[in-house]
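Structural description and commentary
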Amino acid sequence: MLRIDAAEILLVRLPLKFRFETSFGVQTEKLVPLLVLHGDGVQGLSEGTMEAAPMYREETIAGALNLLREVFLPRVLGRTFANPQAVDAALGSFRGNRMARAMVEMAAWDLWARTLGVPLGTLLGGNKQEVEVGVSLGIQADEAATVEVVGRHVEQGYRRIKLKIKPGWDVQPVQAVREAFPNIRLTVDANSAYTLADSGRLAALDAYDLTYIEQPLAWDDLLDHAELQRRLRTPLCLDESVASAPDARKGLALGAGRVINVKVARVGGHAEARRVHDVAESFGAPVWCGGMLESGVGRAHNIHLSTLPNFRLPGDTSSASRYWATDVVNEALEAKNGLMPVPQGPGIGVTLNRDFIASVSELDEEYRA
Ligand code: OSB
Ligand code: MG
């Protein structure tokens, strides 16, 4: 049984080691909300991947933390559940706010896996000891800087390079990188910066053997993605547009893309992420695990999810040391030659570095039934 006695909401601010520019802005630090669920002497951990401002999707940290306090935690505190799916079901009648709900659901999975003494990936049905990873590289100052940063990551063995693009910065960097590295697995991510009127520009990318073009069009527009896919040879990959397994079904049935980026929190947690994985598999479409510049807690969740069989393309869960001088967890999460070892030990296999968290804490709240 899965007992939830108490919860902690923590919020830390971490400086990013690199400047991360995307089509929607520049990021130099990360606000990381963490949830700890306590039950039967065990702790379950999760991380919120929503941001301070609703730039990627509609959720925000302020909104999520308020929902946790006022709506979601009161539904689970002091209760005993049969399994994490029952926790998910307890929040299932609420609309949207999937990243906020995922904080509860994912911590419940970790709590459950630790109670059973098994790695989370095993519990989810995965069977890998290590997972293939690539990197997501922000927009650079010019082509030379792009080729240089790509080269450094290719040397480290990353299995796929993803370049962020935006209107006015697309064909040039891709062409420069492809010329310098004819054989790497290369992709681009536009984070919804284009419209169908740009389809000519996007079709020019067909010349560079990209594995996929990630989320070129509006975050909520499957129809336009389907029209764009008809005009391109390169597969489209949906990220922002897929918040659930039904979204994945609609997207793949419409031909809005041929690949799905699964971000566990974006779809509401591990149970829904697994359903997205299964829907994609039924269409013969590969999935890969996306990232949101997570700390070690979210990163560990991503790695465990990535052990499922239809995660057939390298994910974005690169080494934690790329992002942080000090992480919120004690364990190192480091890829070697593009392979990220699955943290062993029960649950997600990482533990909080409480001293470090206290030193960068913006918020530390405790709730009981
Ligand atoms: O679109 O995949 C994205 C980061 C923040 C918001 C959206 C995205 C990203 C990334 C970074 O691409 C992936 C990572 O390194 O965690
Ligand atoms: Mg993306």
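Residues numbered from 1 in each chain as written. Chains lettered and ligands numbered in written order. Predicted model: local features only at pLDDT ≥ 70, side-chain atom pairs only at ≥ 80, totals over all residues. Heavy atoms only, no water.

**Describing the coordination of the magnesium ion (ligand 2)**
The condition that has to hold: Any N, O or S atom lying within 2.8 Å of the metal counts as a donor, with the limit raised to 3.2 Å for Na, K and Ca; because water is left out of the atom set, some sites can appear incomplete. Accessibility here uses a 1.4 Å probe with only protein chains present; expressed as a share of the type maximum, an area under 20% marks a residue as buried, one over 50% as exposed, and anything in between as partly exposed.
Distances from the magnesium ion (ligand 2) to its protein donors, Asp189 (OD), Glu214 (OE) and Asp239 (OD), fall within 2.1 to 2.3 Å. Take Glu214: its relative accessible area is 0%, and that puts it in the buried class.

**Focus: the site of ligand 1**
Spelled out, the test is: Throughout this document, a residue counts as near a molecule or strand when at least one of its heavy atoms sits within 4 Å of that molecule or strand. Here a polar contact is recorded for every N or O atom pair within 3.5 Å, except that within protein the pair must consist of a potential hydrogen donor and a potential acceptor, and residues adjacent in sequence are included only if both atoms are side-chain atoms. A 1.4 Å probe and the Shrake-Rupley method give the accessible areas. Residues count as covered only by the protein chains that appear here.
For ligand 1, the set of nearby residues contains 16 residues, the closest of which are Ser136, Asn191, Lys263, Leu293 and Tyr323. Contacts to ligand 1 include Lys263, whose side-chain N or O atom sits 2.9 Å from an oxygen atom. The backbone of Leu293 places a nitrogen or oxygen atom 2.8 Å from an oxygen atom of ligand 1. Its free accessible area being 390 Å², ligand 1 has 99% of it covered by the protein chains.

**Looking at the sheet that holds strand E7 (residues 135–137)**
Backbone hydrogen bonds hold the strands of a sheet together, and the pairing may be parallel or antiparallel. What counts is decided by this rule: One bridge is not enough; two strands pair if DSSP finds at least two bridges between them. We count a stretch as a helix when DSSP gives it H or I for four or more residues in a row; a strand needs E for two or more, and each element gets its number in order from the N terminus.
The seven strands lie next to each other as E7-E8-E9-E10-E11-E12-E13, forming an open sheet whose pairing is parallel. Each edge of the open sheet is held by one strand with a lone partner, namely E7 and strand E13 (287–289). Relative to strand E10 (residues 213–214), strand E9 (residues 186–189) runs parallel, the two being bridged by two bridges. Across the sheet, the residue bridging to Val188 is Ile213, located in E10.

**So, the pattern of salt bridges**
Heads up, the rule is: Each salt bridge in this description consists of a side-chain nitrogen of Lys or Arg and a carboxyl oxygen of Asp or Glu lying within 4 Å of one another.
Under the counting rule described, the total for this entry stands at 24 salt bridges. A salt bridge links Glu21 to Arg19, with the shortest nitrogen-to-oxygen separation between them at 2.9 Å. For Glu21, a relative accessible area of 14% corresponds to the buried category. For Arg69, the salt bridge identified is with Glu365, shortest N-O distance 2.8 Å. Taken as a pair, Arg69 in helix H1 (residues 61–76) and Glu365 in strand E15 (residues 361–368) lie far apart in primary sequence, 296 residues in all. The class for Arg69 is partly exposed, based on a relative accessible area of 24%. Among the ionic contacts, a cluster of salt bridges with common partners joins Arg160, Lys162, Lys164, Asp189, Glu214 and Asp316.

**Quick notes on the sheet that holds strand E3 (residues 25–39)**
We count it as follows: Lines fitted to the C-alpha atoms define the axes, with helices restricted to the stretch that makes contact. Angles between their N-to-C directions range from 0 to 180 degrees. The contact criterion used is simple: two residues touch if any of their non-hydrogen atoms lie within 4.5 Å.
Taking strand neighbours across the sheet as the criterion, the four strands line up as E4-E3-E2-E15 in an open arrangement whose pairing is antiparallel. Of all strands in the sheet, those with a lone pairing partner are strand E4 (42–47) and E15, marking the two edges. The sheet shows a mean angle of 25° between the axes of neighbouring strands, direction not considered. Relative to E4, E3 is paired through six bridges, and the arrangement is antiparallel. Across the sheet, Gly39 pairs through a bridge with Val42, a residue of E4. Along the sheet, H1 makes contact with strand E2 (6–22), E3 and E15, crossing E2 at roughly 165°. Here helix H3 (residues 98–116) sits on the sheet and contacts E3 and E4; the angle it forms with E4, its principal contact strand, is near 145°.

**Here's the deal with the packing of helix H8 (residues 222–231) against helix H9 (residues 245–254)**
We count it as follows: Here a crossing is taken to be left-handed if its near helix is turned anticlockwise relative to the far helix by less than a right angle, and right-handed if that turn runs clockwise. Under this grouping Gly is polar, as are all residues other than the nonpolar Ala, Val, Leu, Ile, Met, Phe, Trp, Tyr, Cys and Pro and the charged Asp, Glu, Lys and Arg.
Here H8 crosses H9 at 30°, and the two axes come no closer than 9 Å. H8 and H9 meet at a crossing whose hand is right-handed. Residues Leu222, Leu223, Ala226 and Arg230 of H8 lie in contact with H9, whose contacting residues are Asp247, Lys250, Gly251 and Leu254. Partitioning the contact of H8 with H9 into residue classes produces four nonpolar, one polar and three charged.

**Things to note about the packing of aromatic side chains**
As a reminder, the rule being used: Centre distance within 6.5 Å is the pairing criterion for rings of Phe, Tyr and Trp, where only the six-membered ring of Trp is used; planes under 30 degrees apart are then read as stacked, over 60 as edge-to-face, and the remainder as tilted.
Under the counting rule described, the total for this entry stands at five aromatic pairs. Both rings, one in Phe72 and one in Phe94, keep their centres 5.4 Å apart while their planes meet at 50°; by these two values the pair is tilted. A residue pair is termed long-range when its members are at least 10 positions apart, and Phe72 in helix H1 and Phe94 in the loop between helix H2 (84–90) and H3 qualify at 22 residues. A ring pair is formed by Tyr212 and Trp288, whose centres lie 5.5 Å apart and whose planes are at 15°; its orientation type is stacked.

**A short note on the nonpolar core**
Generally speaking, nonpolar side chains in soluble globular proteins are found buried as a group. Quick note on the threshold: Joining through side-chain atoms within 4.5 Å is the link that ties buried Ala, Val, Leu, Ile, Met, Phe, Trp, Tyr and Cys residues into a set, and such a set is a nonpolar core.
Ranked by size, the top nonpolar core spans 118 residues in total, and within it Ile4, Leu35, Leu37, Leu73, Val104, Leu205 and Val328 carry the most contacts. Looking at which element gives the most residues to this core, the answer is H3, with 12 residues. Excluding its chain neighbours within four sequence positions, the residues that come into contact with Val328 are Val12, Leu14, Leu34, Ser295, Gly296, Val297, Thr351, Leu352, Asn353, Phe356 and Ile357. Listed in part, the five residues of the second largest apolar core include Tyr212, Cys237, Val259 and Leu313.

**A few points about the side chain of Ser244**
Here Ser244 shows up in the loop between strand E11 (236–238) and H9. The exposure class assigned to Ser244 is buried, which follows from its relative accessible area of 6%. In terms of polar contacts, Ser244 uses its side chain to reach the backbone amide nitrogen of Asp247, at 3.1 Å. Those residues in contact with Ser244 that sit more than four places away from it in its chain are Arg98, Val267, Glu272 and Val276.

**Details of the packing of H3 against helix H10 (residues 270–282)**
Put simply, the rule is: Angles are sorted into four bins: roughly parallel if under 35 degrees, roughly antiparallel if over 145, roughly perpendicular if 65 to 115, and oblique for all others.
Interhelical geometry of H3 versus H10 gives an angle of 100° and a closest axis separation of 8 Å. Judged by the angle between their axes, H3 and H10 are roughly perpendicular. The residues of H10 that touch H3, namely those facing Arg98, Glu105, Met106 and Trp109, are His270, Ala271, Glu272 and Arg274. Considered class by class, the residues forming the contact of H3 with H10 number three nonpolar, one polar and four charged.

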